[in-house]
Amino acid sequence: MTLSPGRAHAPAGTRRLTRTLYASAFCDEFVLLYPVYALLFSDTGLSVWQISSLFALWSLTGVLLEVPSGAWADAVSRRLLLGPLFTAAGFALWVVVPSYGAFALGFVLWGAGGALGSGAQEALVYDELDRAGAADRYAGVMGRARAIGIAATMAAMGLAGPVFAWGGYDAVGAASVLVCLVCAAVATRFPEHREPAAGPEGWAATLRAGLAGARADRSVRGALLLVPAVTAVWGALDEYTPLLALDTGVAEETVPWLLLVIWAGATAGSLLAGTAERLTTTGFAALLAGSALATAVGAAAGSPVALVLVALAFGGFQLATVLADARLQRRIDDSGRATLTSVAGLGSELGTLATYGAVAAVATAAGYGTAFALAAVPYLVTALVLAGAARTGPRRAARPPEAPAALEERGR
C-alpha cells in the first residue's frame with residue numbers, strides 16, 4: 001500500500017494536533033476567576049436579580065452567535081479560534097472597572113468567545129484526524145481533552161483561594177487574563193489543511209447549505225438531536241451540584257470534597273471514550289438509562305455516600321456526550337462540519353436554559369434531590385427511543401428492495 005503525499009507525515013501531524021488540543025483544553029479551563037466571580041459581583045453591590053440577569057445575558061449571547069459563528073468558521077477558517085481574546089478582554093473589564101455595565105459587556109464578550117470556539121474546534125480536530133487516517137481515534141482524543149479540562153477546573157478551584165488571599169480580585173483577574181492570552185497563543189499551533197468553503201462574504205450561503213444537508217439526511221438529523229438530548233440536562237445540573245451536596249446535611253467546608261468525587265466520575269467517563277467508541281445503539285441506550293437511574297437514586301437518597309452514584313452518573317453522561325459528538329462528526333461532511341456542530345450546540349444551549357427553569361421550580365417546591373431525580377426522566381425517554389430505533393433498524397435493513405415493476409403495480 002502506498003501512502004498519498006498528504007498522509008505521509010500523518011503520525012507527526014497527529015501528535016502536533018493532539019498536543020495542541022490538550023494544551024488548549026487545559027488553559028481554557030484553568031481560570032482562577034471561575035470560583036470567585038460570583039463573589040466579585042456580590043461585593044460590587046449587585047442584587048440577586050442583577051446577577052441572574054448577567055447569567056441570562058451570557059446564555060443569550062451564546063444562543064444568538066452559536067450557529068452564525070459555526071458557519072463563519074466553515075466559510076473562513078476553523079483555526080482562527082479568537083475566542084480566548086474576547087474572554088480575556090471581558091475578564092479585564094470586570095477587574096479594572098467593576099460595575100454592572102462592565103460585567104454585562106464582559107459576559108457578552110465571554111459568550112461571543114465561547115461561540116467562536118464551539119463547533120469550530122471539534123470540526124478542525126475531526127478533519128485533521130481524518131486526513132491522517134485516524135478518524136477512529138476522535139472519541140478517545142476528545143475524551144482525553146475533556147478530562148484534561150475537568151482536571152484544570154479542579155486545579156483552578158484549588159489555587160484560586162491562595163491567590164485570592166494574597167492579591168484579591170486583582171491577582172485572580174490578572175492570572176485569568178494571562179491564561180486566556182496563553183490559550184489564544186496555543187490555538188495558533190493547530191494545524192489546518194482544508195480550504196475554506198467560501199469567502200468571508202459567503203458565510204450565509206455556507207449556513208444555508210449546512211442546514212439543507214441536515215434536512216435532507218435523516219441520519220444527520222438524528223445525530224443532531226442526540227447531542228442536545230444527551231448534553232443539555234446534565235450540563236445544567238452540574239451548576240447545582242454544590243447545593244445538592246449541601247442538602248445532604250454536610251458542613252459547607254465538606255462540599256468541595258464531595259464535588260471532587262463527582263467530577264472525578266466525570267473525568268473517568270471522559271477517559272473511557274476511546275474504549276467505548278464502538279458501543280452499539282442498544283449499548284448507548286443502556287448507558288443513558290443506567291446513568292439516569294444512578295442520578296435519581298443517588299440524589300433522592302439525600303446522603304453524602306449516595307453521591308457516589310451521582311458521580312457514576314456524571315461519568316456516564318460525560319462518556320455519552322463525547323460519543324454523541326463522535327457520532328455526529330461521522331455523519332456530516334467536511335464543508336458544513338462546524339456549522340452543524342454549532343447547530344447541535346445551539347440545541348444544547350436552549351435545552352440547558354429550559355433545564356435551569358425546571359430545576360429552579362422543582363427545587364423551590366421539593367428540594368434539589370427531587371429536582372435531580374426528575375431530571376433523569378428525559379434520559380430514560382431518550383434511552384427508550386434509541387432502544388426502539390435499534391430494534392426496528394435491522395428489520396428495515398433486512399427487507400429486500402422492491403423492483404420498479406412491483407412499485408408500478410402497487411401504484412395501480
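The shown structure was predicted, so the numbers you read here are calculated from the model rather than taken from an experiment.

A.B. asks: Any chance you could explain the packing of helix 7 (residues 138-187) against helix 14 (residues 307-331) here in plain terms?
C.D. replies: The description of two packed helices rests on the angle between their axes and on the distance between the axes. Between helix 7 and helix 14, the least distance of the axes is 9 Å, while the angle of their chain directions is 140°. The pairing of helix 7 with helix 14 is recorded here as oblique in orientation. Handedness of the helix 7/helix 14 crossing: right-handed. Every residue of helix 14 that contacts helix 7 at Tyr-138, Ala-139, Met-142, Gly-143, Arg-146 and Ile-150 is listed here: Gln-318, Thr-321, Val-322, Leu-323, Asp-325, Ala-326 and Gln-329. Taken together, the residues that form the contact of helix 7 with helix 14 break down as 7 nonpolar, 4 polar and 2 charged.

A.B. asks: So what exactly am I meant to see when it comes to a nonpolar patch on the surface here?
C.D. replies: On the surface, a nonpolar cluster with roughly 350 Å² of combined accessible area is contributed by Leu-374, Val-377, Val-381 and Val-385. Ranked by the residues each element gives to the nonpolar patch, the list is headed by helix 17 (residues 377-398), at 3 residues. Position of Val-381 relative to the elements: it lies in helix 17. By relative accessible area, Val-381 is classed as partly exposed at 46%.

A.B. asks: Even after reading the chapter, I still don't get the packing of aromatic side chains, so can you show me in this structure?
C.D. replies: One pair of aromatic rings is described through two measures. These are the centre distance and the angle between the planes. Per the stated rule, a full pass over the model turns up 26 aromatic pairs. Seen from their ring centres, Trp-263 and Phe-314 are 5.9 Å apart, and the 80° between their planes marks the pair as edge-to-face. Taken as a pair, Trp-263 in helix 11 (residues 255-271) and Phe-314 in helix 14 lie far apart in primary sequence, 51 residues in all. For Phe-314, a relative accessible area of 0% puts it in the buried group. Here a set of aromatic residues connected by ring pairs shows up, and it is made of Tyr-34, Tyr-37, Phe-41, Trp-58, Phe-91, Trp-94, Phe-103, Phe-107 and Trp-110.

A.B. asks: I'm lost on the side chain of Thr-355 in this one. Help?
C.D. replies: Structurally, Thr-355 can be placed in helix 15 (residues 337-366). Of the residues examined, Thr-355 reaches a relative accessible area of 10% and is grouped as buried. Apart from residues lying up to four places away in sequence, Thr-355 is in contact with Ala-232, Val-233 and Ala-236.

A.B. asks: What am I meant to see in the state of the cysteines here?
C.D. replies: Structurally, a disulfide amounts to a covalent bond that connects the sulfur atoms of two cysteines. Applying the stated criterion to the full structure yields 0 disulfides. With no disulfide of its own, Cys-180 has Cys-183 as its nearest cysteine by sulfur position, at a separation of 7.0 Å. Cys-180 gets classed as buried once you look at its relative accessible area, which sits at 5%. Just so you know, Cys-183 is unpaired, no disulfide at all, and the nearest cysteine sulfur is the one on Cys-27, 3.2 Å from it.

A.B. asks: What exactly am I supposed to notice about the environment of Ala-375 here?
C.D. replies: With respect to the helices and strands, Ala-375 occurs in helix 16 (residues 368-375). Distance from Ala-375 to Ala-292, taken between C-alpha atoms, is 8.1 Å for residues 83 residues apart in sequence. Not counting the four nearest positions on each side in its chain, Ala-375 is found in contact with Val-233 and Leu-237.

A.B. asks: I'm lost on helix 15 in this one. Help?
C.D. replies: Residues spaced three or four apart along an α-helix point in a common direction, a consequence of the helix completing one turn every 3.6 residues. Over its 30 residues, helix 15 runs 42 Å from end to end, which matches the ideal 44 Å to within 8%, given 1.5 Å per residue. Positioned one or two residues after helix 15, Gly-367 has a phi angle of 100°, which is positive.

A.B. asks: When you look at the packing of helix 11 against helix 14 in this model, what are you seeing that I'm missing?
C.D. replies: As a packed pair, helix 11 and helix 14 sit with axes 7 Å apart at the nearest point and diverge in direction by 30°. Judged by the inter-axis angle, helix 11 sits roughly parallel to helix 14. Considering how the two elements wind past one another, helix 11 and helix 14 form a crossing that is right-handed. Taking contact as the criterion, the partners of Leu-258, Val-261, Ile-262, Trp-263, Gly-265, Ala-266, Gly-269 and Ser-270 in helix 11 are, on helix 14, Leu-307, Val-310, Ala-311, Phe-314, Gly-315, Gln-318 and Leu-319. In the contact of helix 11 with helix 14, the residues fall into 10 nonpolar, 5 polar and no charged.

A.B. asks: How do you make sense of the pattern of salt bridges when you look at a structure like this?
C.D. replies: Any two side chains of opposite charge can pair, on the condition that their charged atoms come close. Evaluated as defined, the whole model comprises 1 salt bridge. Close ionic contact of Glu-277 with Arg-330 constitutes a salt bridge, the shortest N to O distance being 3.5 Å. In this pair, Glu-277 is assigned in the loop between helix 12 (273-276) and helix 13 (281-301) and Arg-330 in helix 14, connecting sequence segments 53 residues apart. A relative accessible area of 15% places Glu-277 in the buried class. Taking relative accessible area as the criterion, Arg-330 reaches 42% and is therefore assigned partly exposed.

A.B. asks: Explain the confidence of the model for the protein chain here, please?
C.D. replies: For residues with low pLDDT, the predicted coordinates do not support detailed interpretation. Scored by pLDDT, the protein chain comes out at a mean of 82, with 82% of its residues at no less than 70. The least confident element of the protein chain, judged by mean pLDDT, is helix 18 (residues 404-411) at 40; the most confident is helix 13 at 95. A low-confidence stretch, residues 1-10 stays under pLDDT 50, and its non-local contacts, those more than four residues away or across chains, total 6 contacts. Counting contacts from residues 396-412, a segment whose pLDDT is below 50, to residues more than four positions away or on other chains yields 3 contacts.

A.B. asks: I keep staring at the layout of surface pockets and nothing clicks. Help me out?
C.D. replies: Here the second largest pocket defines a volume of roughly 720 Å³. Lining the second largest pocket are 20 residues, with Ser-219, Gly-222, Ala-223, Leu-386 and Ala-389 sitting closest to its centre. Counting residues per element, the ones that place at least two in the lining of the second largest pocket are helix 9 (218-237), helix 14 and helix 17. Counted by class, the lining of the second largest pocket contains 8 nonpolar, 6 polar and 6 charged residues.

Reading the values: rules and limits
- Residues numbered from 1 in each chain as written.
- Predicted model: local features only at pLDDT ≥ 70, side-chain atom pairs only at ≥ 80, totals over all residues.
- Heavy atoms only, no water.
- Axes fitted to C-alpha atoms, helices over the stretch in contact; angles between N-to-C directions.
- Helix = DSSP H or I, 4+ residues; strand = E, 2+ residues; numbered from the N terminus.
- Parallel < 35°, antiparallel > 145°, perpendicular 65-115°, else oblique.
- Left-handed = near helix turned anticlockwise from the far one by under 90°.
- Contact = heavy atoms within 4.5 Å.
- Nonpolar A, V, L, I, M, F, W, Y, C, P; charged D, E, K, R; others polar.
- Patch = residues over 30% accessible without salt bridge, like charges linked within 9 Å, V, L, I, M, F, W, Y side chains within 5 Å.
- Areas by Shrake-Rupley, 256 points an atom, 1.4 Å probe, with all protein chains shown as cover.
- Salt bridge = Lys/Arg side-chain N within 4 Å of Asp/Glu carboxyl O.
- Buried < 20%, exposed > 50% of the residue type's maximum accessible area, 1.4 Å probe, protein only.
- Phe/Tyr/Trp six-rings, centres within 6.5 Å; stacked < 30°, edge-to-face > 60°.
- Disulfide = S-S within 2.5 Å.
- Expected span 1.5 Å × (residues − 1).
- pLDDT = per-residue confidence, 0-100.
- 1 Å grid on protein atoms, 1.4 Å probe; cavity = no way out; pocket = protein on both sides within 12 Å on 5 of 7 lines; lining within 4 Å.
- Points joined across faces, edges and corners; volume = space filled by probe spheres on them.

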